Amino acid sequence: MEVIVNSKIAVVTGGSRGIGRCIALRLSKEAKVIITYIKRGEAAEETIKEIHKKGGEAWAYQFDVSSFKQTQDFFKKIIAKFGRVDYLINNAGIARDGLILRMKEEAWDEVLAVNLKGTFNCIKAVAGTMIRQGYGRIVNISSVVAFIGNIGQVNYASSKAGIVGLTKAAAREFAAKGITVNAVAPGFIETEMTTKIPDKIKEQILSQIPLGRFGKPEDVAEVVAFLASDRARYITGQVIHVNGGMYM
Ligand code: NAD
């Protein structure tokens, strides 16, 4: 059986399913993992069971990353319980697609609040602890559409482009404190978020991917695990693209 060194504490927001679940499973090889999720029934318990089955340790918490107060309360609770946070993976995200002419104000506000403000909320809530530790690894999940745009996604693309600026500014702010901040920009990854896309559009997207296939959550999780590891200790303020060559 694989030996698990459980010295590190990882928080993966939106770790109940999709890419976040895969990141949580991958990090559970080297850390105790705390996953968060928004709604009951989003498979958080299954993720926990899967990690336990593999010999890892994991806990699940429900809160809304777009709420400053809920985020503060969550981090206070887990820091009191676990004493530290080594890795923060800002993965929670939503899409509310629509053409600009039809997009409701709420669809703009909601996506920016979860994807961009949620990332800020979590970083702010954990920063003091990481500074005291003199150590931290923050990985934010952006998207290829932040770089190439996408029809019907002005809200989503803006939020994911905002994450790039946030990543670089935070990286500069925390560099002297032993904390690295990087982003991963996935391309088209097969998860529940992308199952809703009509087949015709999927075919169009596929024709733009040089590696000839959609990505798997594991393709993203490996890169996140690398950025969280000491092998990536000299990398900060970067965006790593994981998109099969869709954008280069
Ligand atoms: P998903 O919909 O399968 O999972 C999203 C997760 O975020 C869930 O665990 C959910 O509980 C959580 N979440 C949603 N709103 C939340 C809130 N307000 N507070 C707390 N948690 C919340 O999505 P996914 O496809 O696994 O995507 C994960 C991340 O990767 C997202 O940030 C997404 O934008 C990004 N991404 C996905 C793709 C893709 O092709 N799937 C591509 C690029 C980027």
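Refer to the preceding data block for the structure.
In this report, the structure presented in the accompanying data block is examined. Keep in mind that this is a model prediction, so the values were computed, not measured.

## Topic: the sheet that holds strand 4 (residues 87-90)
Read from one edge of the open sheet, seven strands run 3-2-1-4-5-6-7, paired in parallel fashion. The sheet terminates laterally at strand 3 (58-62) and strand 7 (239-242), the two strands that pair on one side only. Direction aside, the axes of adjacent strands within the sheet are offset by 20 degrees on average. Where strand 1 (residues 8-12) and strand 2 (residues 31-37) come together, five bridges link them in parallel fashion. Along strand 2, the bridge assignment pairs Ala10 with Val33. Its contacts with the sheet place helix 1 (residues 18-27) against strand 1, strand 2, strand 4 and strand 5 (136-141), and it is angled at close to 175 degrees to strand 1. Contacts between helix 3 (residues 68-82) and the sheet are confined to strand 1, strand 2, strand 3 and strand 4, with strand 3 contributing the most and set at about 155 degrees to the helix.

## Brief notes about the site of the ligand
Close to the ligand lie 28 residues; Arg17, Glu42, Tyr156, Ile189 and Thr191 are nearest. Contact distances for the ligand include 2.7 Å between an oxygen atom and a side-chain N or O atom of Arg17. Measuring from an oxygen atom of the ligand, one finds a backbone N or O atom of Gly187 at 3.5 Å. In isolation the ligand exposes 840 Å². Once the protein is present, 96% of that is buried. Put simply, the parts of the chain that give the shell around the ligand at least two residues each are helix 1, helix 6 (154-174) and helix 7 (192-195).

About the cut-offs
Each chain carries its own residue numbering, running from 1 in the written order of its sequence. The model is predicted, so local features are restricted to residues of pLDDT at least 70 and side-chain atom pairs to those at 80 or more, both for listing and for counting; the totals for chains, interfaces and linings are taken over all residues. Excluding hydrogens and water, the side-chain values take into account all heavy atoms of the structure. Strands qualify as paired when DSSP identifies two bridges or more between them. Comment: elements are numbered from the N terminus, with helices defined as DSSP H or I runs of at least four residues and strands as E runs of at least two. Here an angle of 0 to 180 degrees is reported between the N-to-C directions of two axes, which are lines fitted to C-alpha atoms, with helices fitted over the stretch in contact. Here, two residues are considered to be in contact whenever any of their heavy atoms come within 4.5 Å of each other. The rule for a residue being near a molecule or strand is that one of its heavy atoms must lie within 4 Å of it. Polar contact is defined as a pair of N or O atoms within 3.5 Å, subject to the rule that within protein one atom must be able to donate a hydrogen and the other to accept it, and that residues adjacent in sequence are counted only when both atoms are side-chain atoms. Method for areas: the Shrake-Rupley scheme with a 1.4 Å probe, in which residue coverage is limited to the protein chains shown.

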